[in-house]
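# Observations on the model geometry
Here's the letter readout for the chains.
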Amino acid sequence: MTTYDASFRVWRGDTGGGALEDFKVEVNEGEVVLDIIHRLQATQVPDLAVRWNCKAGKCGSCSAEINGRPRLMCMTRMSVFSHEETITVTPLRAFPVVRDLVTDVSFNYQKAREVPAFVPPKGVAAGEYRMQQVDVERSQEFRKCIECFLCQDTCHVVRDHEENKGAFAGPRFLMRIAELDMHPLDAADETGLDRKRTAQDEHGLGYCNITKCCTEVCPEHIKITDNALIPLKERAVDRKYDPLVWLGNKIGRRSGS
Amino acid sequence: MTQLERQQWDVVVVGAGGAGLRAAIEAREQGARTAVICKSLFGKAHTVMAEGGIAASMGNVNSGDNWQVHFRDTMRGGKFLNQWRMAELHAREAPDRVWELETWGALFDRTADGRISQRNFGGHEYPRLAHVGDRTGLELIRTLQQKIVSLQQDDKREFGDYEARLKVFQECTVTRVLKEDDRVSGAFCYERESGRFFVLEAPAVVLATGGIGKSFKVTSNSWEYTGDGHALALLAGAPLLNMEFVQFHPTGMVWPPSVKGILVTESVRGDGGVLRNSDGKRFMFDYVPDVFKEKYAESEEEGDRWYEDPDHNRRPPELLPRDEVARAINSEVKAGRGSPHGGVFLDVSTRMPAEVIRRRLPSMHHQFKELADVDITVEPMEVGPTCHYVMGGIAVESDTAAARGVPGLFAAGEVAGGMHGSNRLGGNSLSDLLVFGRRAGLHAAEYASALAGARPAVDEAQVDLAAAEALRPFSAEPQEGAAPENPYTLHQELQQAMNDLVGIIRRDAEMRQALEKLAELRVRARRAGVEGHRQFNPGWHLALDLRNMLLVSECVARAALERTESRGGHTREDWPAMDRSWRRANLLCRLADPTEGLAATDPVRGQIRLVREETEPIRADLLALFEKEELVKYLAEEELYE
Ligand SMILES: Cc1cc2nc3c(=O)[nH]c(=O)nc-3n(C[C@H](O)[C@H](O)[C@H](O)COP(=O)(O)OP(=O)(O)OC[C@H]3O[C@@H](n4cnc5c(N)ncnc54)[C@H](O)[C@@H]3O)c2cc1C
Ligand code: SF4
Ligand code: SF4
Ligand code: FES
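Residues numbered from 1 in each chain as written. Chains lettered and ligands numbered in written order. Predicted model: local features only at pLDDT ≥ 70, side-chain atom pairs only at ≥ 80, totals over all residues. Heavy atoms only, no water.

### Section: the overall build of chain A
Of regular secondary structure, chain A possesses 10 helices and seven strands. Across its three principal axes, chain A shows a C-alpha extent of roughly 65 × 40 × 30 Å. Residues counted as buried form 57% of the 257 residues belonging to chain A. When contacts within chain A are restricted to residue pairs at least 6 apart in sequence, those whose partners lie at least 24 apart make up 63%. As displayed, chain A has an accessible area near 10600 Å², and 51% of this comes from carbon and sulfur atoms. Counting 35 positive and 38 negative side-chain charges, chain A places the centres of these two groups 4 Å from one another. (Helix = DSSP H or I, 4+ residues; strand = E, 2+ residues; numbered from the N terminus. Buried < 20%, exposed > 50% of the residue type's maximum accessible area, 1.4 Å probe, protein only. Contact = heavy atoms within 4.5 Å. Areas by Shrake-Rupley, 256 points an atom, 1.4 Å probe, with all protein chains shown as cover. Lys, Arg positive; Asp, Glu negative; His and termini not counted. Charge placed at Lys NZ, Arg CZ, Asp CG, Glu CD.)

### Quick look at the sheet that holds strand β4 (residues 54–55) of chain B
Residues and elements named next belong to chain B. Here three strands make up an open sheet; going across it, the order is β4-β6-β5 and the pairing antiparallel. Edge positions in the open sheet fall to β4 and β5 (118–119), since each of these has one partner strand only. Summarising the sheet, β5 and strand β6 (residues 129–130) pair through two bridges and their orientation is antiparallel. What sits directly across from Gln118, in β6, is Ala130. (Pairing = 2+ DSSP bridges.)

### A few points about the site of ligand 3
Taken together, Cys145(A), Ile146(A), Glu147(A), Cys148(A), Phe149(A), Cys151(A), Arg172(A), Met175(A), Cys218(A), Pro219(A) and Ile224(A) form the complete shell of residues around ligand 3. Grouping the amino acids of the shell around ligand 3 by side-chain chemistry returns nine nonpolar, no polar and two charged. (Near = heavy atom within 4 Å. Nonpolar A, V, L, I, M, F, W, Y, C, P; charged D, E, K, R; others polar.)

### What about the site of ligand 1?
All names here are of chain B. Lining the immediate surroundings of ligand 1 are 40 residues, of which Thr47, Glu224, Tyr225, Asp228 and Glu414 lie closest. Within the backbone of Gly53, a nitrogen or oxygen atom sits 3.0 Å from a nitrogen atom of ligand 1. In the environment of ligand 1, a nitrogen atom lies 2.9 Å from a nitrogen or oxygen atom belonging to the backbone of Val174. Burial of ligand 1 by the protein amounts to 99% of the accessible area it has alone, namely 1000 Å². Secondary structure elements with two or more residues in the shell around ligand 1: α1 (18–29), β8 (172–180), β16 (381–390) and α11 (428–451). Partitioning the shell around ligand 1 into residue classes produces 16 nonpolar, 18 polar and six charged. (Polar contact = N/O pair within 3.5 Å; in protein donor to acceptor, adjacent residues only side chain to side chain.)

### Here we look at the pairing of β16(B)
Consecutive side chains of a regular strand alternate in pointing toward one face of the sheet and then the other. Residue and element names in this part refer to chain B. Most of β16 sits inside the fold, with nine of its 10 residues counted as buried. In the sheet, strand β13 (residues 246–253) pairs with β16 via six bridges, with the strands oriented antiparallel. In the strand pairing of β16, Met253 is matched with Val383. Alignment of strand β15 (residues 344–347) against β16, held across three bridges, turns out to be antiparallel. Paired with Leu346 across the bridge in β16 is Met381.

### A closer look at the sheet that holds strand β14 (residues 274–276) of chain B
All names here are of chain B. Strands sit in the order β13-β16-β15-β14 across an open sheet of four strands; the sheet is antiparallel. In this open sheet, the two strands that pair with only one neighbour each are β13 and β14. Ignoring which end each strand starts from, the neighbouring axes of this sheet average 45° apart. (Axes fitted to C-alpha atoms, helices over the stretch in contact; angles between N-to-C directions.)

### Points about the interface of chain A and chain B
At the junction of the two partners, chain A supplies 61 residues and chain B supplies 67 residues. Between chain A and chain B lies a buried interface of about 5300 Å² when both sides are counted; carbon and sulfur atoms form 52% of it. By the criterion of area lost to chain B, the three top residues of chain A are Lys58(A), Arg113(A) and Arg143(A), representing 16% of everything that side buries. Inspection of the chain A/chain B interface yields six salt bridges. (Buried area = accessible area lost by both parts, 1.4 Å probe. Salt bridge = Lys/Arg side-chain N within 4 Å of Asp/Glu carboxyl O.)

### Examining the confidence of the model for chain A
Of all residues in chain A, 91% have pLDDT values of 70 or greater, and the mean over the chain is 91. Residue range residues 242–257 of chain A is modelled with pLDDT below 50. Its contacts to residues more than four positions away, or to other chains, number 10 contacts. (pLDDT = per-residue confidence, 0-100.)

### Details of the packing of helix α5 (residues 228–235) of chain B against helix α15 (residues 538–562) of chain B
Residue and element names in this part refer to chain B. Closest axis-to-axis distance for the α5/α15 pair is 8 Å, and the angle between their directions is 80°. In this view, α5 runs roughly perpendicular relative to α15, as classed from their interaxial angle. Of the residues in α15, those touching α5 at Asp228, His230, Ala231, Leu232, Leu234 and Leu235 are Asp545, Arg547, Asn548, Leu551, Val552 and Cys555. Among the residues making up the contact of α5 with α15, the classes are represented as seven nonpolar, two polar and three charged. (Parallel < 35°, antiparallel > 145°, perpendicular 65-115°, else oblique.)

### A closer look at the environment of Val390(B)
Residues and elements named next belong to chain B. With respect to the helices and strands, the residue Val390 is situated in strand β16. Here Val390 falls in the buried class, since its relative accessible area comes to 1%. Separated by 84 residues in the primary sequence, Val390 and Phe474 place their C-alpha atoms 32 Å from one another. The contact partners of Val390, leaving out residues within four places of it in the chain, are Gly211, Ile212, His230, Met243, Phe245, Val246 and Glu414.

### Comments concerning the packing of aromatic side chains
All names here are of chain B. Per the stated rule, a full pass over the model turns up 19 aromatic pairs over all chains. With centroids separated by 6.3 Å and ring planes inclined at 85°, the aromatic side chains of Trp9 and Phe169 adopt a geometry described as edge-to-face. Of this pair, Trp9 sits in the loop between β1 (5–8) and β2 (11–14) while Phe169 sits in strand β7 (residues 166–169); the two residues are 160 residues apart in sequence, bridging distant segments of the chain. Here the two residues Trp9 and Phe169 agree in accessibility, since each one is buried. Ring geometry for Trp306 versus Tyr307: centroids 5.2 Å apart, planes at 70°, classification edge-to-face. Through successive ring pairs, a cluster of aromatic residues spans Trp67, Phe71, Phe80, Phe626 and Tyr634. (Phe/Tyr/Trp six-rings, centres within 6.5 Å; stacked < 30°, edge-to-face > 60°.)

### Digging into the pattern of salt bridges
Residues and elements named next belong to chain B. Tallied over the full model, the rule gives 93 salt bridges over all chains. Its salt-bridge partner being Arg547, residue Glu469 comes within 3.0 Å of it at the nearest N-O pair. Note that Glu469 is positioned in helix α12 (residues 460–471) and Arg547 in helix α15, a separation of 78 residues in sequence. Here Glu469 falls in the buried class, since its relative accessible area comes to 14%.

### Here's the deal with the domain arrangement of chain A
Residues and elements named next belong to chain A. Domain parsing of chain A yields domain 1 (3–103) and domain 2 (106–250). Counting residues at the interface gives 16 residues for domain 1 and 17 residues for domain 2. A combined buried area of about 1200 Å² lies between domain 1 and domain 2, and 51% of that area is made up of carbon and sulfur atoms. Taking the shortest distance from any N to any O, the salt bridge between Arg159 and Glu65 comes out at 2.9 Å. In this structure, the connection of domain 1 to domain 2 is made through seven residue pairs in polar contact (both at pLDDT 80 or more). (Domains from an automatic or database assignment.)

### A closer look at the pairing of strand β3 (residues 63–66) of chain A
Residues and elements named next belong to chain A. On β3, burial covers both faces: Ser63 and Glu65 on one face and Ala64 and Ile66 on the other are all buried. Sheet topology places β3 next to strand β4 (residues 69–72); four bridges connect them, and they run antiparallel. Within the sheet, the bridge partner assigned to Ser63 lies in β4 and is Leu72. Linking β3 to β4, which pair antiparallel, is a turn of two residues; within it Asn67 sits at a positive phi near 50°.

Encoded structure:
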């Protein structure tokens, strides 16, 4: 087994500010960046703050920026770096720092609350839901989301524009709207809620100029831009400007279900 | 009197996994003002990692399924040690709990006729596990999380405040359940971010904290699994039940070392994957125990036919309950027929086309590719046993989920004992979370509302003590020249000891040695010191978790030493057979140490006292669901003739 000492540069600090600190730390074959951060905790800096849970890319807790790129620490293998390279680990830039690699991600939880929930179809009892696999697959792709918030971190609309945060839900939660909109049994329109329209009017879909940066960083390889945002935009445009298309969609949908 | 923030709630739920969230939803829907508190961010609890599915006898794929069959399978899997009333409620209510998730927006994989698809799993007679690829836990937790959000949206409309009746305190930890006399009065907590203490005053507390795997070195469990709820219950005076039963999942990753223990879902076998040793042999055919002989295929051909025609063939032995498969792998490796990194081979690559593998097992494909450079569509995986689940837990009343002996304390999910007997079937945990999470929430809310104005008061002395206890690691003083101990080192030594001495195969002398080691660690843990300040300080949190891990580990070791037989998740080399006379015996662990875990350095006496208890006889109509010939294998003579 090959073992070597790597050079790490880790941001340490809190709300009052901080700086990058240099470390030399042992690396063994097969390890990931999170293993190295844990080794630093166990041997050099016991109070180094970091979030993690599953260590298998399933919970979306260990998000950070590695050499400036938003990534999951538990899914970034050390073998992608050369032994000589200095590896820089910093907290997510779009969110305020709490301490070291831990940021305040409450922005995301706030946005989650602003998206109206699934509306169950009236008159369909629990146990009576019937949906075809092909019809649920589109929304299922979006439900693979592990809420790592890497897409939220990377999107230029908020990354360096604090001022846009109020108006913009971010790719993850625009995708949530698309997910509900494509849910075969969501009955939002029966309650007068037009999800596509609210995406545009209330959640800032218009800010997105489809750069696809969010798709690139998504560890679940969800095609956020192509499969969620663009369809949402297209239909939002349809609906806004063409009442006939809007009506047609609604009728087609009713009779199809 | 310690100055800290206090809030009043009707019900406090400790834990935001499947059990905690389901409990909170129910309590809130019953009208109780409910607080949920959890160590990680909302939506990150361990439940998110569950892969294979939720067991419920909906009968969508094989209409022969019903609750009675599910009940039978569960009892067999648990080797009849299950608290049978829980197994009954679970089997009866699981389908409703799954269907209800659809009304909250869950999207399970479908059958051709549009129902929820169900897959095969070890120990389940019919395809029974509702699933979403191999990320079922994510779907479960996200659905519950989104249901909570929708209840909060209702409150926002009604009261202008999302958190009027349901609030999640994320990244906060409970270190003590508070009581007035024998009744619950609240919970003492700290917030990770700031290190500040606060008290949630409430007459009803639901513990839903999950398991204990972090006391073992090789485990599929995350840092949260330090047995907090188990310890909180013990410290509050409630007993733990059957703590010797720990499930070692047969298939964890074994290489590279940094991922050792990470789970490889049982769906791999349920969907057709097979186990082979270094000779290329499907060795499981050699390990079918007598009690299961009639139910499993005797040849590879028969086993393979079963996937297509389950009515006329018996299932392959790769799908035996987990304890059997884990022991078999252990024996093969010991006999020198293991894989290069000390496991065995699990192969799907020769069993189905690459594109089917990628569709049915996407996250396994991803996990092996990213973490081990193995493409499971072209080569086998290397796997070995990993500590996965604890069957033992807080002793509860079956119907109400109330912890025995402490009014106002409830428990649900992995932290509760009894439901799974000596061994849990795959998929039966997620359904357990929903069935008993709901029951715990319901009864906690009813209990709280029945008390009305006569709520127990918070005892200030207990708050002061809890604060002092939590701050101790900052003032750890060198005693008699010994330097403060590093909590990380203590944790590693504990994990190594439990893994080596109270692991998958147990021996009398080793367990005694473990008890000695635990005593030594208890002494050293009192000197565990931390650096830095109180804000988001993982070293400090680990130092506090050590108390819990030491208590729980002692329970496991003591109960395992006492039970002189092998059954389910408890295997003794010196007592290799299952003993019918032990079937009715429950071992209860209680706190023995009057200073509540601060002293107790004597390895012989320790902190835990064991009490042996005879279980209630199984109700006659439930017994009648089994053939007499089968019952003889499990039940003692006198039980058969009762
Ligand atoms: C990799 C893996 C795969 C699995 N797959 C399956 C499967 O396919 N099917 C199945 O049925 N089961 C499966 N299981 C088992 C199942 O996932 C768990 O048993 C179950 O999720 C436990 O749920 P829970 O609600 O009891 O606890 P958890 O989901 O673990 O939640 C515990 C909660 O308690 C909180 N908590 C703990 N201590 C404290 C404290 N002191 N203060 C405050 N909060 C605290 C935690 O933060 C967390 O929110 C799997 C387990 C693993 C590890
Ligand atoms: S595609 Fe849209 S949401 Fe995604 S990063 Fe670009 S601007 Fe942001
Ligand atoms: S969409 Fe992808 S990148 Fe964004 S939060 Fe979800 S998993 Fe993370
Ligand atoms: S620790 Fe769960 S995604 Fe990295």
